[in-house]
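Letter by letter, the chains look like this.
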Amino acid sequence: MKGIKRTLSVILFLPFVTYASSVKNKHEITVGIGTQYAPTYIGADKYDVTNAPYFEWTNGSWFVSSEKGIGITHSFDNGLYLGQALGYTWGRTTDGDSWLQSGSDHLKGMGKINTALNSTTTLGWWMTPWIGVEGTIIAPLTESQGVNYNIGVNAVLFNDDSNTLTASGVMHYGDARYNNTWFGVNEKQSRNSEFKSFNSTGGLYSVDYSINWQHLFNENWSGYAALHYTTLANHVRHSPIVQKDDYFTFTIGAFYSF
């Protein structure tokens, strides 16, 4: 069972479906821990169990979070919401025992993808209290790793005082540099590894479907569970580093807020 890896960026992902649907006008701290069962890297056919701590401080629209970074959100009366955050991407390594990054010994010769500081801009709209759309743009600030764009739909299936059940569908796009950073094999990498050269164009690289459940035990304690199904798109699924082009991810977490 390994430590924190790239999946920290999604392991305790509390969807904007719940985060943006209510305006936080108070100072609050949330701590917790989550466990995720997921591939060792995107496209791998081997799975691993990852544990990660969670921390978030909010003060009105401002937040500092181990998952989202540092940023601000603002919700409007008509259902629109905006967010801007400064965060990070862990990158990827060729060491299957890395503490912070995803990766596998299978990728030896590919070289590592460095940890990068990034900017995340979010725009969403709750068209009704039970369905909304959201788009994000994630751009690196410290590494030339390309830009990725996400467009999603969130639906509230059930909601009461203690439980929220939601379903989401998200399409993930990358420019050519992004898709080649994560799925490409250049000539140098090909010489140093067992993989043939592969060059991807920009475009859709994956589609993610998920169902998420949040339960409030009391005013302080809450729990979270999510099941994701991801399929890789044609732009990247034929990459030689992709061993499996669809996979499931399961996440559970517990949180304490005060």
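Higher on the page you've got the structure.
What counts and how
Residues numbered from 1 in each chain as written. Predicted model: local features only at pLDDT ≥ 70, side-chain atom pairs only at ≥ 80, totals over all residues. Heavy atoms only, no water. Phe/Tyr/Trp six-rings, centres within 6.5 Å; stacked < 30°, edge-to-face > 60°. Helix = DSSP H or I, 4+ residues; strand = E, 2+ residues; numbered from the N terminus. Buried < 20%, exposed > 50% of the residue type's maximum accessible area, 1.4 Å probe, protein only. Salt bridge = Lys/Arg side-chain N within 4 Å of Asp/Glu carboxyl O. Polar contact = N/O pair within 3.5 Å; in protein donor to acceptor, adjacent residues only side chain to side chain. Patch = residues over 30% accessible without salt bridge, like charges linked within 9 Å, V, L, I, M, F, W, Y side chains within 5 Å. Areas by Shrake-Rupley, 256 points an atom, 1.4 Å probe, with all protein chains shown as cover. Core = buried A, V, L, I, M, F, W, Y, C linked by side-chain atoms within 4.5 Å. Contact = heavy atoms within 4.5 Å.

1. Quick notes on the packing of aromatic side chains
Inspection of the entire model under this criterion finds 10 aromatic pairs. Between Y178 and Y205, the aromatic rings sit 5.4 Å apart at their centres with planes inclined by 40°, giving tilted as the arrangement. With Y178 in helix α3 (residues 176-183) and Y205 in strand β12 (residues 203-216), this pair connects stretches of sequence that are 27 residues apart. A relative accessible area of 14% places Y178 in the buried class.

2. Observations regarding the pattern of salt bridges
Summed over the entire model, instances satisfying the criterion amount to four salt bridges. Here D245 and R237 are joined by a salt bridge, their closest N and O atoms 3.9 Å apart. For D245, a relative accessible area of 29% translates into the label partly exposed. Overall, R237 belongs to the partly exposed group, its relative accessible area being 27%.

3. Things to note about the side chain of N212
Inspection of the secondary structure puts N212 in strand β12. One polar contact links N212 to S210, side chain to side chain, over a distance of 3.4 Å.

4. Observations concerning a nonpolar patch on the surface
A cluster of nonpolar side chains, namely V31, F55, V64, I70, L86, L117, L141 and F258, defines an oily patch on the protein surface of about 660 Å² accessible area. Mapped onto the secondary structure, V31 falls in strand β1 (residues 27-39).

5. What about the nonpolar core?
L107, M110, F183, V185, F195 and I241 are the most contacted members of the largest nonpolar core, which has 16 residues in total. If you tally residues by element for this core, the top one is α3, at three residues.

6. Examining the environment of M171
Mapping M171 onto the fold places it in strand β11 (residues 163-174). Separated by 35 residues in sequence, M171 and S206 have C-alpha atoms that sit 6.2 Å apart. Discounting residues that sit within four places of it in the chain, M171 has contacts with Y149, N150, I151, L204, S206 and V207.

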